[in-house]
Amino acid sequence: MARSSCLIFNPAAGQGDSEQELQTICQLLSPHMELEVRLTSPDVDAAPLARTAVNQNFDLIIAAGGDGTVSAVAAALIGTSISLGVIGRGTANAFANALDIPTSLEAACRVITEGTTRVVDAASCGDSTMILLAGIGLEAETIRKADRVAKDRLGVLAYVFAGFRQLQDLELFSAELEIDGSRKVEFSAGAITVANAAPATSILAQGPAGVIPDDGLLDLTIVAPESTLDIMAASYNLLRSALRGEAATQESVGYLRAKHFRITTQPAQRVMIDGELVGHTPIEIACIPHSLTVCTPQSDMERPEQPQERLENLPDLSVRIVD
Ligand SMILES: Nc1ncnc2c1ncn2[C@@H]1O[C@H](COP(=O)(O)OP(=O)(O)OP(=O)(O)O)[C@@H](O)[C@H]1O
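Conventions used here
- Counting from 1, residues in each chain are numbered in the order their sequence is written.
- Totals for whole chains, interfaces and linings use every residue, but because this is a predicted model, local features are given only for residues with pLDDT of at least 70 and side-chain atom pairs only at 80 or more, for both listing and counting.
- Two strands qualify as a pair provided DSSP detects at least 2 bridges between them.
- In this description a helix means any DSSP run of H or I spanning at least four residues, a strand means any run of E spanning at least two, and both kinds are numbered starting from the N terminus.
- Scored from 0 to 100, pLDDT reflects the predictor's confidence in each residue.
- By definition, a residue lies near a molecule or strand provided its backbone-derived C-beta atom is within 6 Å of it.
- Note on residue classes: Ala, Val, Leu, Ile, Met, Phe, Trp, Tyr, Cys and Pro are nonpolar, Asp, Glu, Lys and Arg are charged, and everything else, Gly too, is polar.
- All domain edges in this entry derive from an automatic or database-based domain assignment.
- Once C-beta atoms are placed from the backbone, any two residues with those atoms within 7 Å are in contact.
- Residues with at least 20 other C-beta atoms within 10 Å of their own are called buried, those with 12 or fewer are called exposed, and the rest are partly exposed. The C-beta atoms themselves are positioned from the backbone.
- All axes here are fitted lines through C-alpha atoms, helices being fitted over the stretch that makes contact, and every angle between N-to-C directions spans 0 to 180 degrees.
- With the far helix as reference, a near helix turned anticlockwise by less than a right angle produces a left-handed crossing, and one turned clockwise produces a right-handed crossing.

(A) Highlighting the sheet that holds strand β10 (residues 191–195). Sheet architecture is open: 7 strands sit in the order β15-β14-β7-β10-β11-β12-β17, paired in antiparallel fashion. Each having just a single partner strand, β15 (276–280) and β17 (309–310) make up the two edges of the open sheet. Of the strand pairs in this sheet, strand β7 (residues 133–137) and strand β14 (residues 270–273) are connected by 3 bridges, and their pairing is antiparallel. Looking at β14, one finds that I136 is bridged to V271.

Below you can see the structure in the form of structure tokens.
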């Protein structure tokens, strides 16, 4: 029997002709499944549509939009066995890129119709769920400064420009990190990123080589540059880590993998989760292992053997064991 599928489509996402895109997607998918289409609107976004679709027990729910739409649909699917199809039509399409899901309509629909799936982790942070990453400090500021007009004009470059603008007034803050309830680490940082999944372009997440989305662990990267030269060196090192799959080696970069983090900063820092500003530190982030089934080109990914932790060079470092 054909799979019952619900397509949640954001007509306002991206820069393409959305009517044409919807028609193409329906033509590509309909021969393979029973397809029901639901459009988001300025008043009803993807989250309530996805919750209703989950209650209606579709076999497959497809998110066609930017990362905002994909994250909202994914949040409703966490802990269910309903598969998530991803058709990235936004600016960055970070979740699609992190899982090697192509973003041309034809190739994205082919991945969905071929039926290969991969079960990945997700995470929770207070009331929010997270499929990509949480940025504290620099990354949150970068997202805040990449405005809609710039994104429409420049696409993913808007984030890069906002990032450069942000680097000019980077200030270190003090941070305390509680790791799996068993260790407390204090240090100074300019940016802390906790990633469940991240594409190579999320440079600040690339401390441990290659963020692994299905290892039951979150990957935390700390960048603590003490000068403009330092930040250039750290950026280059992180980019290399992303492209070569080798963990970062630069002194001002630290990283570790764990299931649960509690992060406190002085002063409080903005927190961004999956591209949305959600509030300020302190925050607590917990991995929800193997909780989201996603249509992907392959059911597994290569995992290079790499060190899991490197904190020793961070400025003002102190480590305590929690009783
Ligand atoms: N029909 C609509 N008209 C206007 N806005 C909409 C509509 N449907 C959803 N939205 C808004 O779109 C936003 C989600 O956008 P989404 O992330 O899917 O695309 P995007 O913003 O183009 O992606 P990116 O952030 O990568 O540029 C939400 O804020 C939601 O309220």
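(B) Molecular detail of the confidence of the model for the chain. For the chain, the average pLDDT comes to 87, and 89% of its residues sit at 70 or higher. Reported for the predicted complex are a pTM of 0.88 and an ipTM of 0.95.

(C) The site of the ligand, seen in detail. In the vicinity of the ligand lie 19 residues, with G65, G66, G68, G90 and T91 positioned nearest. Top element by residues in the shell around the ligand is helix α3 (residues 67–77). It accounts for 3 residues. Class assignment for the residues of the shell around the ligand results in 5 nonpolar, 11 polar and 3 charged.

(D) Expanded view of the domain arrangement of the chain. Here the chain is described as being made up of domain 1 (3–115) and domain 2 (128–289 + 301–321). Across the boundary between the two partners, domain 1 contributes 14 residues, which contact 16 residues of domain 2. Mapped by element, the contributors of at least two residues to the side of domain 1 that touches domain 2 are α3 and α4 (94–98). The element best represented in the side of domain 1 that touches domain 2 is α3, accounting for 5 residues. Of the residues assigned to the side of domain 1 that touches domain 2, the class counts are 8 nonpolar, 5 polar and 1 charged.

(E) Examining the pairing of β10 more closely. Burial within β10 is extensive, with 5 of its 5 residues counted as buried. Covered by surrounding structure in β10 are A191, T193 and A195 together with I192 and V194, the residues of both alternating faces. Bridge count for β7 against β10 is 5 bridges, and the pairing is antiparallel. Its bridge partner lying in β10, I136 is registered against I192. Relative to strand β11 (residues 218–223), β10 runs antiparallel, the two sharing 5 bridges. The residue of β11 that forms the bridge with A191 is V223.

(F) The packing of helix α2 (residues 46–55) against α3, seen in detail. The geometry of α2 relative to α3 is characterised by a closest axis approach of 8 Å and an angle of 35 degrees between their N-to-C directions. Two packed elements cross with a definite hand, and for α2 against α3 that hand is right-handed. Along its contact with α2, which presents A46, A47, A50, R51 and V54, the element α3 presents T69, A72, V73, A75, A76 and L77. Considering only residue class, the contact of α2 with α3 consists of 9 nonpolar, 1 polar and 1 charged.

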